[in-house]
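Coordinate analysis (summary)
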Amino acid sequence: MRCSPSILALALVAACTGPALAASPAPLLPIGKVQGGGERSPYEGKPVTVEAMVTADMRDGLGGVYMQDAGDGDAATSDALFVRLPEGQTVQVGQWLRISGTVQEQAAGKDGQSLTMLQADKVTAATSRAAPAVTVIDDVPASWEALEGMQVRIAAPLTLAGQDGLQRFGELTAAFGGRLWQPSEVAAAGSPEQAAVIADNARRLRLDDGSSKRDPGGVSYLAEGVVLRVGAPLTDVQGIVDQRYDGSYRLQLTAPLKVGGDLRPLQPPTVAGGLRIAAFNLENYFNGDGKGGGYPTLRGAKTAEQQAAQQAKLITTIRSLGADVAALMELENDGYGPGSAIDQLVRALNEGQGRQGDWKFVDAGQGPGDNPIRVGIIYRSSKLSTVGKPAVLEREPFGERSRVPLAQAFRMGRSGAPFVVVANHFKSKGCSEATGADADQNDGQGCWNATRVASARLLHQWLQGDPTGSGSKDAVLLGDFNAYAMEDPIRSLNAAGWQDAFKVAGVAQPYSYVYNGLTGRLDHALLSPGMAARLKGAAEWHTNADEADDAGYQGRNVPGPWRSSDHDPLLLGFEP
């Protein structure tokens, strides 16, 4: 029988090829070569083999270990990698391993940032040798990428810049060289000065707990009893350089954090002058049905016990300030009768105070406005008397968006010069429903800036018409304007002649609010020329902005005024 050519050819091929050749082993490379000098590895998607020591085991928190070798002599490349091990693999910190696997880039942000990692498929023991040196950092590194995955110790002192991510994500914000400032607190939008502040905020560094768990309920790097306050010095910080989540570089801490002494300002501020005016955002003071029930409320305390704790903190703060009149924000908008939030607050202020229990509130009849929260004014009737009736500005943009302003004229004693106090709370920066000019313009001023500017202009126009009928041109605008000092709404009021009380008083770097690790002021005191001439002093009591969220009534409830709100109260002193 004759074989067909095709069958014969196949037989010849089979005879000549012999057994299949084994795949080439992955090359053994220094980790620096795997990392490369750029954001992404030149070996991405390729098999490699490395030998390195396990420097940190974070499989329970992040799903992998960090490994570092002796280095390739190139300072521009990192000598460490994040490694995902095969399931069930046993390793120990300090162990040298030979690992083969595939290089991958794990997304770490929206702009293409990534963490170079190795997905291991084979792990064997390697010859032990000296541990890789820990890199000591004295200043902001020229390139965090060149340190990705490496062990570092920061010898330069860091400053705690923010802690709003501690409870939710187990992370803190730190900075080289002091606090981080909101760019629009320091400079106008779009200015070269603002660009310089933004560039300076590259001093930021996240400190993390080695876990992606949400609401961790505690972190291992903080010893029990440590008091965290923004501005505190952090020394000898140690960890692994990492990049993930939002693209920011961070340290996964490997040693307890050393925090400087308790910086709480135990004594309230004092200001000169016989007339003292305060302002305070109460952070959603709601009191249920006013009879001990009606919880949880729309905002604020979830239980009667929480509300009692919240009220105790607020009362401590207000009494300690020693003000004669105070503008309040974020009061429940539930009328002025018995059991209303403002009625309960004033009753609590007066309780057990004897002749000092002389607080009263300005009754606007209703509202002002129909927002769930409103502004209010309280005053000491033994020191001040009202002049005329309260006035409210219930025209858009006040109402649906910005809370309605409340103005009341006062005088001290029978012969004191009358003055007007105006409580304000402008629209917040949240972007829900914001469109057109109110959408975020990416200029650092957030959403609803156009509405806040319109509110500022209308407020000024309204006050020129003497709405209280007092005849006084001396006035102070107080409250939460939801705009930092160099943003358009405040600049508009400054241009109209309203003067920053803290600038007039010569206070350096005032602040009342810390958000996302950036310090600034949303709370302002703006003075008419006549009131500016009467100013004797201005101060803030930093009981809240620098404190950890869980120091408040819904958390650990630290005794005293600490974290009674998320805003600091301010206090002004004037000639009567």
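Residues numbered from 1 in each chain as written. Predicted model: local features only at pLDDT ≥ 70, side-chain atom pairs only at ≥ 80, totals over all residues. Heavy atoms only, no water.

The subject of this paragraph is the nonpolar core. If you look at the biggest cluster of nonpolar residues, it comprises 30 residues, and the most contacted ones within it are Ile277, Phe410, Val421, Leu478, Leu527 and Leu572. Leaving out residues up to four positions away in the same chain, Ile277 has contacts with Val325, Phe419, Val421, Val476, Leu478, Met531, Leu570, Leu571, Leu572 and Phe574. (Core = buried A, V, L, I, M, F, W, Y, C linked by side-chain atoms within 4.5 Å. Buried < 20%, exposed > 50% of the residue type's maximum accessible area, 1.4 Å probe, protein only. Contact = heavy atoms within 4.5 Å.)

All right, on to the environment of Asp324 then. Relative to the helices and strands, Asp324 resides in the loop between helix H7 (304-321) and strand S16 (325-332). The class for Asp324 is buried, based on a relative accessible area of 0%. For the pair Asp324 and Phe286, spaced 38 residues apart in the sequence, the C-alpha separation amounts to 24 Å. Residues within four places of Asp324 in sequence aside, it is in contact with Gly274, Leu275, Arg276, Trp359, Tyr379, Arg380, Lys383, Leu384 and Met412. (Helix = DSSP H or I, 4+ residues; strand = E, 2+ residues; numbered from the N terminus.)

Quick look at the pattern of salt bridges now. All chains considered together, the criterion is met by 29 salt bridges. Taking the shortest distance from any N to any O, the salt bridge between Asp546 and Arg179 comes out at 3.0 Å. Of this pair, Asp546 sits in the loop between strand S27 (535-540) and strand S28 (570-574) while Arg179 sits in the loop between strand S9 (172-176) and helix H5 (183-186); the two residues are 367 residues apart in sequence, bridging distant segments of the chain. The pair Asp546 / Arg179 is uniform in exposure class, with both members buried. With a shortest N-O distance of 2.9 Å, Arg521 and Asp500 are connected by a salt bridge. Of this pair, Arg521 sits in the loop between strand S25 (518-520) and strand S26 (523-527) while Asp500 sits in strand S23 (residues 499-500), and the two are 21 residues apart along the sequence. Residue Arg521 is classed as buried on the basis of its relative accessible area of 5%. (Salt bridge = Lys/Arg side-chain N within 4 Å of Asp/Glu carboxyl O.)

Now for H7. Counted at 1.5 Å a residue, the expected span for H7 with its 18 residues is 26 Å, and the 26 Å between its end C-alpha atoms agrees. Of all the residues in H7, the buried ones are Gln306, Gln307, Ala309, Gln310, Gln311, Lys313, Leu314, Ile315, Thr317, Ile318 and Leu321. Of the residues one or two after H7, Gly322 is the one with positive phi, at around 65 degrees. (Expected span 1.5 Å × (residues − 1).)

Okay, empty space enclosed by the protein next. Counted under the stated rule, the structure contains one cavity of 30 Å³ or more. Contributing to the lining of the largest cavity are Ala278, Ala279, Phe280, Ile318, Leu321, Ala323, Ala326, Leu328 and Trp359. At the level of elements, strand S15 (275-285), H7 and S16 are the ones that each hand at least two residues to the lining of the largest cavity. When residues in the lining of the largest cavity are grouped by element, the largest group, three residues, is from S15. Looking at the lining of the largest cavity, its residues break down into nine nonpolar, no polar and no charged. (1 Å grid on protein atoms, 1.4 Å probe; cavity = no way out; pocket = protein on both sides within 12 Å on 5 of 7 lines; lining within 4 Å. Points joined across faces, edges and corners; volume = space filled by probe spheres on them. Nonpolar A, V, L, I, M, F, W, Y, C, P; charged D, E, K, R; others polar.)

Counting buried positions along strand S21 (residues 419-425) gives seven out of seven residues, so the element sits mostly inside the fold. Of the two faces of S21, the one carrying Phe419, Val421, Ala423 and His425 and the one carrying Val420, Val422 and Asn424 are both buried. Both strand S20 (residues 403-412) and S21 contribute to a ladder of six bridges, which runs antiparallel. Pairing of Arg403 across the sheet is with His425, part of S21. Where S20 folds back onto S21 in an antiparallel hairpin, the turn is made up of six residues, including Gly413, whose phi is positive at roughly 65 degrees. In this region the chain leaves S21, passes through helix H9 (residues 449-463) and returns to the parallel neighbour strand S22 (residues 475-480); the handedness of that crossover is right-handed. (Pairing = 2+ DSSP bridges. Right-handed = clockwise from strand over helix to strand, strands pointing away.)

If you trace the backbone, Ala195 turns up in helix H6 (residues 192-200). Taking the C-alpha atoms as reference points, Ala195 and Thr270, 75 residues apart in sequence, are found 36 Å from one another.

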